[in-house]
Amino acid sequence: MQQLVEQIDFQSDIYKDAYSRINAIVIEGEQEAHENYITLAKMLPESTDELIRLSKMESRHKKGFEACGRNLKVTPDMQFAKEFFSGLHQNFQTAAAEGKIVTCLLIQALIIECFAIAAYNIYIPVADEFARKITEGVVKEEYSHLNFGEVWLKENFTESKAELEEANRHNLPIVWQMLNQVADDARVLAMEKEALVEDFMIQYGEALSNIGFTTRDIMRLSAYGLAT
Ligand code: Y39
Ligand code: FE
Ligand code: FE
Ligand code: FE
């Protein structure tokens, strides 16, 4: 893998062009995650302090990735990134307005966190040295965000199960669309779509298992919308 990293020209026009979109996606994702945890803090009064703590971590992640873009002299394409997240963003806003805590947790604390963990794990071995150090620090914290969602949903599993199934059905296909949309740019950064899908499935499957779903449920839930 080191061999491969030495062959990546982080200053080439093609790398910087792809990075302008991927870096923007990550910055926008961290900003939206920050806002989503503030919303969740209001919805879950018994966990307000912890959720505010998570929201502050997301702001720090955003600052770290902004520094990664500056380090490569790349201007992030924030307009592209806003559109990239608009499906999940809209679904989260709608669920929050309806007080659907389970749906909000599934979107942010499970789906988006698993997406982030997969992307950061795949990025770390092929990142420039500056971005690698930042991303290594960030991914450790993303596991703690995923853990918050797992613990809450496990404790409330019986009452949450039907809403989780429904929310999965509405949101997982969006994730596969997002992955397809970013696959070409990710490949320029030496991140293969197949590796991203595999890592996402592992993280998401493990999360569903920790919450209480059976292996049979997990197979059905985690592949939903993948083949379309
Ligand atoms: O919880 C978080 O910090 C997640 C918001 C951040 C999302 C990161 C989204 C990463 C997708 C990148 C796709 C690159 C192939
Ligand atoms: Fe984050
Ligand atoms: Fe996070
Ligand atoms: Fe429906």
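Each remark here, short or long, concerns the structure printed above.
The model shown is predicted, which means the values in this text are computed figures rather than measured ones.

### Points about the coordination of the iron ion (ligand 4)
Around a metal, the ideal angle is 109.5 degrees if four donors adopt a tetrahedral arrangement and 90 or 180 degrees if six donors adopt an octahedral arrangement.
Moving on, step 1. Donor atoms from the polypeptide that coordinate the iron ion (ligand 4) comprise E166 (OE) and H170 (NE2), at 2.4 to 2.6 Å from the metal. With E166 and H170 both in helix α7 (residues 157–188), this residue pair falls four residues apart, about one helical turn.
Moving on, step 2. Classification of H170 by relative accessible area gives partly exposed; the value is 43%.

### Some words on helix α6 (residues 129–155)
Moving on, step 1. Over its 27 residues, α6 runs 40 Å from end to end, which matches the ideal 39 Å to within 8%, given 1.5 Å per residue.
Moving on, step 2. The N-capping residue of α6, defined by a side-chain oxygen 3.2 Å from the backbone nitrogen of F130, is D128.

### A short note on the site of ligand 1
Moving on, step 1. Taken together, 15 residues surround ligand 1, and among them G29, E30, E58, E113 and E142 come closest.
Moving on, step 2. At a separation of 2.8 Å, an oxygen atom of ligand 1 approaches a polar side-chain atom of E113.
Moving on, step 3. Mapped by element, the contributors of at least two residues to the shell around ligand 1 are α2 (13–43) and α5 (101–123).
Moving on, step 4. A total of seven residues in the shell around ligand 1 trace back to one element, the largest contributor, which is α5.
Moving on, step 5. Taken together, the residues of the shell around ligand 1 sort by class into nine nonpolar, two polar and four charged.

What counts, and at which threshold
- Residues numbered from 1 in each chain as written.
- Chains lettered and ligands numbered in written order.
- Predicted model: local features only at pLDDT ≥ 70, side-chain atom pairs only at ≥ 80, totals over all residues.
- Heavy atoms only, no water.
- Donors = N, O, S within 2.8 Å, 3.2 Å for Na, K, Ca; no water.
- Helix = DSSP H or I, 4+ residues; strand = E, 2+ residues; numbered from the N terminus.
- Buried < 20%, exposed > 50% of the residue type's maximum accessible area, 1.4 Å probe, protein only.
- Expected span 1.5 Å × (residues − 1).
- Polar contact = N/O pair within 3.5 Å; in protein donor to acceptor, adjacent residues only side chain to side chain.
- Near = heavy atom within 4 Å.
- Nonpolar A, V, L, I, M, F, W, Y, C, P; charged D, E, K, R; others polar.

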